[in-house]
Amino acid sequence: MQVKLQPGLLDMLAFLHTAGLQRAILTRNAPFAVDDFVTRVQEAAAAHGDADVRDALATTADDGGAVPQPLFHTVLTRDFTPCKPHPAPIVAICEQWGLHPHGMWPTCLWWGTRFAAGACDTLHCRFLHAECIMVGDFRDDIACGQAAGAGTVLLLVRTHTT
């Protein structure tokens, strides 16, 4: 099965990396599907036309050493229960990272490489005050994030906007 990457994914991951933010995968997929996805992201990043994106997502240490820098610091698959939309997966990630999500945040909408909705015009919107942001492409992702007290960003893809 070939994984199709969503438009803007690499730009978003590069931004999160450059901003020094940790990244996790929280999915109902099996571990082998996550491995395929991460491989696909690495291949696409290496071939990306923007050198800043390529550099941000390179899998070598900043000092040029051989120590790989993870694209994702934590991965939770269908093996973790309870699964989304329950808040437990995000709470577990936050505990692992020493974060404390607090309060309800607005949900911003993300189309490719730009935001829409409310005052959010870039990823710098009010989420800089949130310790944890759940970015997802399905309502269960947003419900999970909101239930955990995290900021949420809904990725709008063609199949979810019709």
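Residues numbered from 1 in each chain as written. Predicted model: local features only at pLDDT ≥ 70, side-chain atom pairs only at ≥ 80, totals over all residues. Heavy atoms only, no water.

A.B. asks: How should I be thinking about helix α2 (residues 31-46) in this particular structure?
C.D. replies: With 16 residues, α2 should reach 22 Å at 1.5 Å per residue; the first-to-last C-alpha distance of 23 Å fits that figure. If you check which residues of α2 are buried, you get A33, V34, F37, V38, V41, A44 and A45. Taken down its axis, α2 places every buried residue within 135° of arc, on the same side. Facing away from the buried side of α2, by more than 90 degrees, are the exposed residues F32, D35 and A46. (Helix = DSSP H or I, 4+ residues; strand = E, 2+ residues; numbered from the N terminus. Expected span 1.5 Å × (residues − 1). Buried < 20%, exposed > 50% of the residue type's maximum accessible area, 1.4 Å probe, protein only. Arc of directions from axis to C-beta.)

A.B. asks: What is the right way to look at the packing of helix α4 (residues 88-97) against helix α5 (residues 139-148) in this model?
C.D. replies: Describing two packed helices takes the angle between their axes plus the distance from one axis to the other. The N-to-C vectors of α4 and α5 enclose an angle of 55°; their axes lie 8 Å apart at closest approach. Comparing the axis directions of α4 and α5 gives the class oblique. Remark: the crossing between α4 and α5 carries right-handed chirality. On α5, the residues that touch P89, I90 and V91 of α4 are C144, G145 and A148. Tallied by class, residues from the contact of α4 with α5 come to five nonpolar, one polar and no charged. (Axes fitted to C-alpha atoms, helices over the stretch in contact; angles between N-to-C directions. Parallel < 35°, antiparallel > 145°, perpendicular 65-115°, else oblique. Left-handed = near helix turned anticlockwise from the far one by under 90°. Contact = heavy atoms within 4.5 Å. Nonpolar A, V, L, I, M, F, W, Y, C, P; charged D, E, K, R; others polar.)

A.B. asks: What's the story with the packing of helix α1 (residues 9-18) against α2 in this structure? I'm lost.
C.D. replies: Remark: α1 packs on α2, axes separated minimally by 11 Å, with the N-to-C direction vectors making an angle of 90°. Comparing their axes, α2 and α1 come out roughly perpendicular. Each of L9, L10 and L13 in α1 lies in contact with α2, whose residues at this interface are F37, V41, A44 and A45. Residues that form the contact of α1 with α2 fall into these classes: seven nonpolar, no polar and no charged.

A.B. asks: Got a minute to help me understand the side chain of T77 in this structure?
C.D. replies: Examined against the element boundaries, T77 turns out to sit in the loop between β2 (74-76) and α4. T77 has contacts with T27, N29, A30, P31 and V34, leaving out every residue within four places of it along the chain.

A.B. asks: Got a minute to help me understand α1 in this structure?
C.D. replies: Among all positions in α1, only L9, L10, M12, L13, A14 and L16 are buried. G20 lies just past α1 and shows a positive phi near 80°.

A.B. asks: Could you clarify how one ought to interpret the nonpolar core in this entry?
C.D. replies: Most often, soluble globular proteins have nonpolar side chains that are buried together. If you look at the biggest cluster of nonpolar residues, it comprises 21 residues, and the most contacted ones within it are F37, V41 and L57. Contributing elements (two or more residues each) for this core: α1, α2 and α3 (51-56). The residues contacting F37, other than those within four sequence positions of it, are V3, L5, L9, I25 and F72. Of all hydrophobic cores here, the second largest spans eleven residues; its members include I93, W97, M134 and A148. (Core = buried A, V, L, I, M, F, W, Y, C linked by side-chain atoms within 4.5 Å.)

A.B. asks: Explanation requested: the pairing of strand β6 (residues 151-155) in the structure shown.
C.D. replies: For a regular strand, side chains alternate in direction, first toward one face of the sheet and then toward the other. Most of β6 is tucked away: five of the five residues are buried. Along β6, one buried face is formed by G151, V153 and L155 and the opposite face, lined by T152 and L154, is buried too. Where strand β5 (residues 133-136) and β6 come together, four bridges link them in parallel fashion. Following the sheet pairing, G136 is matched in β6 by L154. With α5 bridging β5 and its parallel neighbour β6, the resulting β-α-β unit is right-handed. (Pairing = 2+ DSSP bridges. Right-handed = clockwise from strand over helix to strand, strands pointing away.)

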